[in-house]
Amino acid sequence: MLSNTKAIVLKTIPYSDSKRIVALYTRQEGRLSAVLQIGSKRGNLSLLEPFSVVDLTIKKGKSTLYYINSIQRHLIFNDISSDIRKRLVAVFMADVVYHTVKEEFTDNTLYDFLENSIALLNESRDEVFKFITIFLLEYGRLLGFYPNIDTYTEHSLFDMKSGIFCRIPPLHKHFIEEDDTADFIRLLKARYSNPSEIEYSQQQTNRLLDIVLEFLELHISDFKHIKSLNILRQII
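Residues numbered from 1 in each chain as written. Predicted model: local features only at pLDDT ≥ 70, side-chain atom pairs only at ≥ 80, totals over all residues. Heavy atoms only, no water.

A few points about the packing of aromatic side chains
Scanning all chains against the criterion turns up six aromatic pairs. Ring geometry for phenylalanine 158 against phenylalanine 165: centres 4.8 Å apart, planes inclined by 40°, an arrangement best described as tilted. Relative accessible area serves as the criterion here: at 0%, phenylalanine 158 is assigned to the buried category. Judged by its relative accessible area of 5%, phenylalanine 165 is buried. Grouping aromatic residues by their ring pairs yields a cluster made of Tyr152, Phe158, Phe165, Phe184 and Phe215. In this structure, lysine 11 packs its charged tip against the face of tyrosine 98, placed 5.4 Å from the ring centre. A cation over a ring is seen here: lysine 60 above tyrosine 66, with NZ or CZ 5.5 Å from the ring centre. (Phe/Tyr/Trp six-rings, centres within 6.5 Å; stacked < 30°, edge-to-face > 60°. Buried < 20%, exposed > 50% of the residue type's maximum accessible area, 1.4 Å probe, protein only. Lys NZ or Arg CZ within 6 Å of the ring centre and 35° of its normal.)

Section: the confidence of the model for the protein chain
Chain-level statistics for the protein chain give a pLDDT mean of 87 and a share of 95% at 70 or above. Within the protein chain, strand β6 (residues 157–159) carries the highest mean pLDDT (97), whereas helix α7 (residues 228–233) carries the lowest (73). (pLDDT = per-residue confidence, 0-100. Helix = DSSP H or I, 4+ residues; strand = E, 2+ residues; numbered from the N terminus.)

Focus on the sheet that holds strand β5 (residues 66–73)
Hydrogen bonds along the backbone pair up the strands of a sheet, which may run parallel or antiparallel. Spatially, five strands are ordered β1-β2-β3-β5-β4 in a closed barrel, and the strand pairing comes out mixed. In this sheet, adjacent strand axes meet at a mean angle of 55° when their direction is disregarded. Examined bridge by bridge, strand β4 (residues 53–60) and β5 share seven bridges and lie antiparallel to one another. Opposite leucine 56, over in β5, you have isoleucine 71 as the bridge partner. On the sheet, helix α2 (residues 84–100) packs against β1 (2–16), β2 (19–26) and β3 (30–37) and is oriented at approximately 95° with respect to β1. (Pairing = 2+ DSSP bridges. Axes fitted to C-alpha atoms, helices over the stretch in contact; angles between N-to-C directions. Contact = heavy atoms within 4.5 Å.)

Quick look at the pattern of salt bridges
Within this structure, the stated rule accounts for seven salt bridges. The partner of glutamate 103 in a salt bridge is arginine 31, with the nearest N and O atoms 3.7 Å apart. Of this pair, glutamate 103 sits in the loop between α2 and α3 (108–123) while arginine 31 sits in strand β3, and the two are 72 residues apart along the sequence. Here arginine 186 and aspartate 183 are joined by a salt bridge, their closest N and O atoms 3.6 Å apart. Here the residue arginine 186 and the residue aspartate 183 both occupy positions in helix α5 (residues 178–188), the gap between them amounting to three residues, near one helical turn. When its relative accessible area of 15% is taken as the criterion, aspartate 183 is described as buried. (Salt bridge = Lys/Arg side-chain N within 4 Å of Asp/Glu carboxyl O.)

Concerning the side chain of threonine 26
Turning to its location among the elements, threonine 26 is positioned in strand β2. Reaching out from threonine 26, the side chain makes a polar contact with the backbone nitrogen of glutamate 29 at a distance of 2.9 Å. With sequence-adjacent residues up to four places away left out, threonine 26 is seen in contact with Thr5, Lys6, Ala7, Leu32 and Tyr111. (Polar contact = N/O pair within 3.5 Å; in protein donor to acceptor, adjacent residues only side chain to side chain.)

Some thoughts on unusual backbone geometry
A positive phi angle is found at phenylalanine 51, which is not glycine, with a value near 70°. Structurally, phenylalanine 51 can be placed in the loop between β3 and β4. Non-glycine residue histidine 155 carries a positive phi angle of around 70°. Summarising the element assignment, histidine 155 is placed in the loop between α4 (128–142) and β6. By relative accessible area, which is 41% here, histidine 155 ends up partly exposed.

Observations concerning the packing of α4 against helix α6 (residues 202–219)
As a packed pair, α4 and α6 sit with axes 10 Å apart at the nearest point and diverge in direction by 20°. Taken together, the axes of α4 and α6 are roughly parallel relative to one another. As α4 runs across α6, the sense of the crossing is left-handed. Where α4 abuts α6, its residues Phe129, Lys130, Ile132, Thr133, Leu136, Leu137 and Gly140 lie against Thr205, Leu208, Leu209, Val212, Leu213 and Leu216. Taken together, the residues of the contact of α4 with α6 break down into nine nonpolar, three polar and one charged. (Parallel < 35°, antiparallel > 145°, perpendicular 65-115°, else oblique. Left-handed = near helix turned anticlockwise from the far one by under 90°. Nonpolar A, V, L, I, M, F, W, Y, C, P; charged D, E, K, R; others polar.)

Shown next as structure tokens:
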């Protein structure tokens, strides 16, 4: 039986000269893998860039694989296509979802968040790296991992293992000092749609990204396997 769905492309894996296995996060079916037949002109390949948003007609096979009957672009993001930094950020964001969301996991709220995030990335100007950091925080929140802001008081430290703010250093190394915590709490209070409302130096931005990455690595087991992070760091 054929079904129609919107989908976000996460990763494409060669299957043969004429076929690709595409990892997708769909609104109706959640995370799935589907086989796509590539035409002789290979025009479909342009639709398979990470974090492309497409309309699909799919059919479930006998195993867990689906088969793509038709595919077309749902939304066009010209800035992501033309800006190498944004393209690399899109690859990283798609890689995060690919490694941390399991097959057949379905959450419409997560799908809407991802599609909105792609649009925000496309519209962002000089705030790309702050945007990445806030994206990771909000993504972690949807998966159930987010700092407990209610525990913050002035001069606090942040305990990354417990996710709370405290006045006394914990008995492990995964915490951040007072100055970094003050920058971090400002980030937590920033609006995702407007990262320019907070100002940081490049050094502060890099440090905050490191903090968020370490926090998520502590709580999401597959997060540490994201290889595109090394490429992303080269452009920060």
